Structure formats: C-alpha cells, structure tokens
Amino acid sequence: MSSVTVRVPAKVNVQLSVGPLREDGYHDLVNVFHAVSIFDEVMAKESESITVAVNGKWSDQVPIDDSNLAIRAARALAKHAGRTYGADLIIQKSIPVAGGMAGGSADAAGALVACNELWGLGLPFEDLMEIAGDLGSDVPFSLLGGTAVGTGRGEQLSELPTGGTFHWVFALANGGLSTASVYAECDRLREVSAAHVPWPQLDDSLMEALGTGDAYSLGAHLSNDLQEAALNLRPELAPTLDSGRQHGALGAIVSGSGPTCAFLAIDALHARDLAQSLTATGAAHTAVAAHGPVQGATLI
Ligand SMILES: C[C@](O)(CO)[C@H](O)COP(=O)(O)OP(=O)(O)OC[C@H]1O[C@@H](n2ccc(N)nc2=O)[C@H](O)[C@@H]1O
Ligand SMILES: Nc1ncnc2c1ncn2[C@@H]1O[C@H](COP(=O)(O)OP(=O)(O)OP(=O)(O)O)[C@@H](O)[C@H]1O
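From a predicted model like this one, the values you see are computed outputs, not experimental measurements. (Residues numbered from 1 in each chain as written. Chains lettered and ligands numbered in written order. Predicted model: local features only at pLDDT ≥ 70, side-chain atom pairs only at ≥ 80, totals over all residues. Heavy atoms only, no water.)

Peer 1: An account of the UniProt feature "binding site: ATP" (unreviewed entry) in the chain is requested, with residue identities and associated values reported.
Peer 2: The UniProt record marks Pro 96, Val 97, Ala 98, Gly 99, Gly 100, Met 101, Ala 102, Gly 103, Gly 104, Ser 105 and Ala 106 with the feature "binding site: ATP" (unreviewed entry), using the residue numbering of this structure. In the annotated set above, the residues contributing to the lining of the largest pocket are Pro 96, Val 97, Ala 98, Gly 99, Gly 100, Met 101, Ala 102, Gly 103, Gly 104 and Ser 105. Secondary-structure assignment places Gly 100 in the loop between strand S4 (87-93) and helix H2 (103-118). Each residue touching Gly 100, except ones within four places of it in the same chain, is listed here: Lys 11, Asn 13, Ser 255, Gly 256, Ser 257 and Gly 258. Along the chain, Ala 102 turns up in the loop between S4 and H2. Beyond its immediate stretch of four places on either side in the chain, Ala 102 contacts Lys 11, Asp 138 and Ser 142. (UniProt positions renumbered as here; feature names shortened; annotations may be inferred. 1 Å grid on protein atoms, 1.4 Å probe; cavity = no way out; pocket = protein on both sides within 12 Å on 5 of 7 lines; lining within 4 Å. Helix = DSSP H or I, 4+ residues; strand = E, 2+ residues; numbered from the N terminus. Contact = heavy atoms within 4.5 Å.)

So, in structure tokens, the structure goes:
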C-alpha cells in the first residue's frame with residue numbers, strides 16, 4: 001500500500017464541566033463530546049522519514065515542524081511499534097485552527113489510523129486510544145467520534161447513544177485562543193470570586209435530551225464552564241452568541257475553549273438560514289452548518 005487517507009471530524013462540547021485545578025496542571029472534567037460534520041483529511045504516503053504538509057484554508061496557521069500534532073502522533077506510533085518508520089503526512093484542513101473544535105487532535109487521530117494502516121501494524125483500537133490519550137486530552141475522542149462522556153482530563157471515554165441527528169451552525173472567529181490560556185483565565189476568575197468549585201457532575205437532563213434526540217431540550221441544557229473565561233478574553237463573542245439566539249437558535253454556546261461559537265438549530269433548513277443570517281448581519285464573518293453525531297477517524 002503506497003498511501004492511505006483518513007477522514008476525522010471536529011467536535012463541540014455539549015457539556016463541559018471543569019473541576020478544581022489538579023497538581024499536574026490539568027482539570028478533572030465531565031466533558032460531553034459530540035462529533036460534527038466538519039472534517040480534516042490526513043493522507044499518509046510511504047516515505048523514508050516522517051514529514052507533514054498542510055493544505056486548505058487554515059494551512060498558514062499550522063506548524064509543519066516537530067510540534068505538529070500529526071507528526072507527534074506518527075512518531076509515538078512508531079515508538080510504540082518499536083521500529084523506525086517513515087510517512088509523508090498531507091493534511092487537508094477544514095477544521096478551524098485553535099478554534100475550540102479539536103482540529104490538531106483530529107489530525108493526530110488521523111495520523112494514528114493512517115500510519116497504523118500504511119505501516120501494516122494492525123494495532124487494535126485500544127492501543128491507538130492509549131497512545132492518543134498521551135498526545136492530548138481531546139485526541140481519544142477524535143478517534144472514537146459519535147457522542148461520548150470524557151472524564152479524567154477528558155481522555156477516559158464512555159460512548160453515549162443519541163436518539164437522532166442534531167443540526168448546528170458554527171460561527172468562526174478571526175484568530176484562535178490558546179486552550180491553556182482559557183483554562184488559566186477560568187482558574188483566575190475562580191480565585192477572584194473565591195467560590196467553591198464543585199466536583200463535575202453529568203447533567204441528567206442533557207443525557208435525556210441526547211438520548212431522545214430532543215433538540216429543544218438539548219439547546220436549553222448546553223453548558224460550558226470555560227465560556228465566561230473565553231468571553232473575558234474575547235468580549236466580541238458575546239454579541240455573536242446573542243445574535244444567534246435572536247435568530248432562533250435553540251442554544252448558543254462557545255465551543256470548548258473557543259473562540260468558535262456553536263448554535264443548535266431546529267433542523268437542516270433552519271441551520272442554513274441561521275448561518276446566512278449570522279453572516280448577513282455581520283455577527284460572524286464565516287458561519288458553517290454541520291450535523292452530528294458523525295463517526296470518528298475513518299479510513300476512506
Ligand atoms: C477544552 C477542550 O478542548 C474540551 O474538550 C479540552 O479540555 C482541551 O483538550 P486539548 O486541547 O487536547 O488539551 P491538552 O493538549 O491535553 O492540554 C492543553 C492545556 O489545556 C489545559 N487543560 C487541558 C485539559 C484538561 N482536562 N485540563 C486542563 O487544564 C492544560 O493547561 C493543558 O496544558
Ligand atoms: N495539525 C495541527 N492542526 C492545527 N494546529 C496544530 C496542529 N499541530 C499543532 N498545532 C498547534 O496547536 C494549536 C492548537 O490548535 P488546535 O486547532 O488543535 O486548537 P483547538 O481546536 O482549540 O484545540 P482543542 O479544541 O482540542 O482545545 C495551534 O495553534 C497550533 O499551533
């Protein structure tokens with residue numbers, strides 16, 4: 001086999017509950033991930049060494065040195081297999097960079113699946129999940145896809161059945177936000193308010209909404225403990241969220257660490273109209289309609 005291609009989805013967090021800061025600098029979470037139909041593609045081609053190239057809209061914002069998460073994933077896989085392997089990784093990027101939609105994690109997950117196939121390793125999914133968890137808290141979910149609850153750092157996953165397809169609009173922002181800075185701002189706000197930080201709990205009403213496919217109830221129960229921090233760092237996101245609500249979004253929320261804003265629509269037609277309204281009114285410069293849940297990293 002001389003080349004393989006893997007398609008990997010973006011994510012939105014429909015519940016992101018952040019526990020107290022841990023000694024290792026991470027936070028324990030209840031993180032309800034939902035994979036949506038905005039995809040990066042990772043192609044792996046036979047080569048002597050491991051390299052990466054990035055094409056597409058956001059390519060100029062992605063590092064192509066050893067810090068690229070796809071390169072790190074390929075190296076971690078080769079190390080796990082105990083041999084030196086090579087692959088030219090070519091990423092077709094559609095997921096916003098540093099947008100809170102796990103774009104880098106998607107590329108890492110794509111590289112794991114693609115190189116496992118290209119190199120004929122045949123490693124089981126569980127091994128890939130373990131390597132994924134060491135690469136980043138969101139990487140296991142990019143492999144798994146669907147809808148799932150993440151605990152620990154977000155890397156310990158349990159799949160959640162959903163009762164239907166949900167329709168979303170994502171308002172993309174100019175420039176990204178660093179995930180670490182948003183968590184740090186969340187800690188700072190908590191320190192200032194001196195409020196007790198409760199242990200994160202799964203929202204039963206949200207679970208029921210997902211299970212029955214009730215978009216109205218899901219919209220009412222979306223929650224993100226990082227939202228206040230993201231809005232503090234990017235105050236211009238507040239009017240974007242308001243605008244989506246005014247145009248009939250069932251729920252409006254910052255996606256993960258932001259700055260992408262996610263809007264839950266009634267159906268596909270409403271999502272299309274909502275995307276148009278958000279751009280026509282200038283509330284977003286780009287708005288993309290998508291649906292979920294979709295599969296995780298998949299060979300195509
Ligand atoms: C905001 C989310 O995207 C929600 O899914 C994730 O929690 C972030 O996942 P990620 O981008 O894969 O993050 P990682 O690469 O593991 O960590 C980046 C940084 O985010 C912070 N971080 C991340 C995950 C977590 N549970 N607690 C944290 O405090 C830490 O400062 C860490 O150094
Ligand atoms: N393959 C990659 N694609 C995008 N960014 C990458 C990649 N590899 C490394 N990076 C670096 O990681 C940073 C975060 O990018 P990413 O797109 O993963 O953020 P994010 O979507 O906000 O992450 P998350 O939602 O998982 O917190 C970027 O600013 C970039 O410097």
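After that view, the rundown keeps rolling.
Peer 1: I'd love a proper account of the domain arrangement of the chain, names of residues and values included.
Peer 2: Domain parsing of the chain yields domain 1 (3-160) and domain 2 (166-292). Here the C-alpha centre of domain 2 lies 22 Å away from the C-alpha centre of domain 1. On the domain 2 side, the residues contacting the 32 residues of domain 1 number 38 residues. Buried area between domain 1 and domain 2, summed over both chains or domains, comes out near 2,700 Å², and the portion from carbon and sulfur atoms is 65%. It is Val 14, Leu 16 and Val 18 that lose the most area in domain 1 upon contact with domain 2, and together they represent 21% of the buried surface on that side. Here domain 1 and domain 2 share 0 salt bridges between them. At the junction of domain 1 and domain 2, the tally comes to 16 residue pairs in polar contact (both at pLDDT 80 or more). When contributions to the side of domain 1 that touches domain 2 are tallied by element, the ones reaching two or more residues are strand S1 (3-21), strand S2 (27-46) and strand S5 (147-151). (Domains from an automatic or database assignment. Buried area = accessible area lost by both parts, 1.4 Å probe. Salt bridge = Lys/Arg side-chain N within 4 Å of Asp/Glu carboxyl O. Polar contact = N/O pair within 3.5 Å; in protein donor to acceptor, adjacent residues only side chain to side chain.)

Peer 1: Explain the sheet that holds strand S11 (residues 286-292) to me, and be specific about the residues and the numbers.
Peer 2: Within a beta sheet, neighbouring strands are joined by backbone hydrogen bonds and run either parallel or antiparallel to one another. Ordered in space as S9-S10-S7-S11, the 4 strands form an open sheet in which the pairing is antiparallel. Strand pairing shows two members of the sheet lacking a second neighbour, strand S9 (251-254) and S11, which therefore form its edges. Direction aside, the axes of adjacent strands within the sheet are offset by 25 degrees on average. Where strand S7 (residues 166-172) meets strand S10 (residues 261-265), 5 bridges bridge the pair, whose relative direction is antiparallel. Looking at S10, one finds that Ala 171 is bridged to Cys 261. Helix-sheet contacts for helix H10 (residues 268-280) involve S7, S10 and S11, and the interaxial angle to S7 is about 15 degrees. (Pairing = 2+ DSSP bridges. Axes fitted to C-alpha atoms, helices over the stretch in contact; angles between N-to-C directions.)

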